[in-house]
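Coordinate analysis (summary)
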Amino acid sequence: MPTPEQIWADADLPTCRLAGLALNPATPETVLLRLLADAPLAARMVLCRDRILPDAVVDAVIEHLDRYTRSFFARNSHVDPAQRARLVDDPHWFVRAHLAQGPGWAAPARPGPLPDETVVHMMNTYDDEHLGGLFYQQISAGLRRSMPTHPVAKVRWWGVGRWKSLSADVRTALLTDPDDEVRERAQRAARFEDPAWVESELPDRSCHARTGMLLHDALSRAVVDGVLTSPVGIEDRAMIAGNPTLPPDVVVLLAADPDPEVRDEIAHRADLGPAERHTLVAAPDPDIRARVARRADLGPAERRTLATDPDPKVRLAVSVHPALSEEERGRIDYAVPMDHPFVFHPAPEVPRDPGTVRRNALSNHPMLRREAAWDHLLPPDLVARLAADDDLGVRVLLAQNHPDAPAPLLLRSFLEYTGPERDHLITRPNFPTGGLAAFADHEDPEVRALATRDPGTRPAVVERLTRDPDSAVRAAATRHPRLPQSRLAELLDDEELAHAAATNPALSSDAIHWLVKTDGRRSRPPA
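Attention here is on the structure that accompanies the text. (Residues numbered from 1 in each chain as written. Predicted model: local features only at pLDDT ≥ 70, side-chain atom pairs only at ≥ 80, totals over all residues. Heavy atoms only, no water.)

1. Topic: the pattern of salt bridges
This is how it is decided: Should a side-chain nitrogen of Lys or Arg be within 4 Å of a carboxyl oxygen of Asp or Glu, the pair is scored as a salt bridge. The way it works is that DSSP assigns letters per residue, a run of H or I at least four long becomes a helix, a run of E at least two long becomes a strand, and they are numbered from the N terminus. For every residue, the accessible area (1.4 Å probe, protein chains only) is compared with the maximum for its type, and the residue is labelled buried under 20%, exposed over 50%, or partly exposed between those bounds.
Under the counting rule described, the total for this entry stands at 38 salt bridges. For R315, the salt bridge identified is with D333, shortest N-O distance 3.9 Å. Within this pair, whereas R315 is found in helix α23 (residues 312-319), its partner D333 is found in the loop between α24 (326-330) and α25 (354-361), the two being separated by 18 residues in sequence. With a relative accessible area of 14%, R315 lands in the buried category. What makes D333 exposed here is its relative accessible area of 55%. Among the charged side chains, a salt-bridge network with shared partners connects R144, R162 and E349.

2. A closer look at the packing of aromatic side chains
The geometry of two aromatic rings is summed up by the distance between their centres and the angle between their planes. Worth spelling out the cut-off: Only rings of Phe, Tyr and Trp enter the pairing, Trp through its six-membered ring, and a pair is recorded when the two centres are within 6.5 Å. The plane angle decides the type: under 30 degrees is stacked, over 60 is edge-to-face, the rest tilted. Counting as a charge over the ring demands two things of the Lys NZ or Arg CZ atom: a distance within 6 Å of the ring centre and an angle within 35 degrees of the ring normal.
Applying the stated criterion across every chain yields a total of seven aromatic pairs. Pairing F135 with W158 gives two aromatic rings, centres 5.3 Å apart and planes at 70 degrees, and the pair type is edge-to-face. Taken together, the residues F135 in the loop between α9 (116-125) and α10 (141-146) and W158 in helix α11 (residues 153-159) connect sequence positions 23 residues apart. The same class applies to F135 and to W158, which are both buried. Clustering of aromatic rings is evident, with ring pairs tying together Y68, W93 and F94. In this arrangement the basic side chain of K154 is found over the ring face of W157, its NZ or CZ atom lying 4.9 Å from the centre. Here the guanidinium or amino end of R422 rests over the ring plane of F414, the centre of that ring lying 4.4 Å away.

3. As for unusual backbone geometry
Although it is not a glycine, E421 sits at a positive phi angle of roughly 60 degrees. As for its position among the elements, E421 is in the loop between α29 (407-416) and α30 (445-448). Residues other than glycine seldom take positive phi values, yet D519 does so here, at roughly 55 degrees. By the element assignment, D519 lies in the segment after α35 (509-517).

4. Examining the side chain of D454
Note the cut-off: Here a polar contact is taken to be a pair of N or O atoms separated by no more than 3.5 Å, where protein atoms must pair a possible hydrogen donor with a possible acceptor and residues adjacent in sequence count only if both atoms sit in side chains. Contacts: residue pairs with any heavy atoms within 4.5 Å of one another.
Turning to its location among the elements, D454 is positioned in the loop between α30 and α31 (459-465). Engagement of the side chain of D454 in a polar contact is seen with the backbone nitrogen of L436, the distance being 3.0 Å. In contact with D454, other than residues within four places in its own chain, are T433, G434, G435, L436, A437 and H480.

5. Some words on the nonpolar core
Applied cut-off: Think of a nonpolar core as a cluster: buried Ala, Val, Leu, Ile, Met, Phe, Trp, Tyr and Cys residues, connected wherever their side-chain atoms sit within 4.5 Å.
Counting 69 residues, the largest nonpolar core has L21, F73, M122 and F135 as the members making the most contacts within it. If you tally residues by element for this core, the top one is helix α4 (residues 41-49), at six residues. M213, A255, A307 and V314 belong to the second largest nonpolar core, which has 30 residues in total.

6. Structural notes on the environment of E446
Secondary-structure assignment places E446 in helix α30. Considered as a pair, E446 and G159 are 287 residues apart in the sequence and their alpha carbons are 44 Å apart. Residue contacts for E446: discarding those within four places in its chain leaves F414 and R422.

7. Focus: the environment of M123
One can find M123 in helix α9. With 52 residues separating them in the primary sequence, M123 and S71 have C-alpha atoms 19 Å apart. For M123, the residues in contact, after removing those within four places along its chain, are L131, F135, I139, M147, K154, V155 and W158.

Okay, structure coming up:
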């Protein structure tokens, strides 16, 4: 079965033109239906997967005889999920599997969830092998919360997966559930909170299972001591450093660390006794101290020690500890990193405490202000305050995450930030379009491409940008509705830009119908 990448790689020039028409907002419904019926697979893929479709076209897709065509629609991130849900009982497993897998998407453009009734039906009727991957991300927050107590047993079985976040009453009910499979899964989940069971099942080699247990599960004293004295892997001590079941004395031990170079020198002494060897083996590296510094149960003495740690990342980690006052934070010599990715953060299912968010937003510590900046529910006064913050990270995180981030902030953030998910900023609701033509000569091609988003960019400038050294700028300019018709006609014959040219909404009705009539082989009637 060819992959979408293979299908597109095999598309010839006529097919690329038809695929462009499939995305063109000016293409009439009758033409879309003809493309759906007669166009090559690559054009049908683009049509069904990469745009919103009129209802009549959706109806035709659902009834299409080709399973590939239906499966492309199952992966469409642009349509209402309820439209994709119409494929829930498709006769071919291939289509059902792609519906369960869901649309392909690049962060942060996560598609909406499927209707709850569709998800419940899939849980009850689909093979388990088809419900892996991204299926869980297609479940609504409301259904996820209700799954542990849902009247349908199969849904409760899925709900057991939220075990660590469930209340004691819900756990008790699941452990005595009338359904055998639900009850057995709950019992398996409960085992990970039994230190003796974890000790008996802990693999004696480095692997994913051992990593998960050391990070998250209940650890016996024997397991902890074994990690301290004879770790299986070099990361073992770092793994237990954040485990919530770590004994207080071990937290203290991991927080105290002599100079690594001195420790290494002493470790080679032949007269080293057992106690000293234990201390040296247990003494963590800076990464472990940084993990310990983030623990909520860190005591005052350990906080004071870590506040003067020789490693800057340890001092930074402890400087944001919630138990510290602003005065205490101010006495710590920390450095704020500027190489972090300032990206979108999905809203948590349980909103953060507004008081904590406000305190963080008003803090003198940039890292706490950054944490406040990605809260989607930040009130207007704090939005205005953080939009003028002197820290780039605060400003960009606010721009990436808040639905009401102001237009000047969005543009400024795009111009100043060049890290991951920079292009997400131009998808934000308030990103400006007017005035962007001023960037047509900018040295940064991503900034230069902003000019192609300005509806007022002069035709001559748009045409010049279709010859830009950067391929993304050329493609974006080719799609601009003010591109002169003569240049647009030329680009329909360009191997690289024909697809983009065919998506241009300024393409004439005659050109659209001529391309369809000739199956994309001729861009214009013969002279």
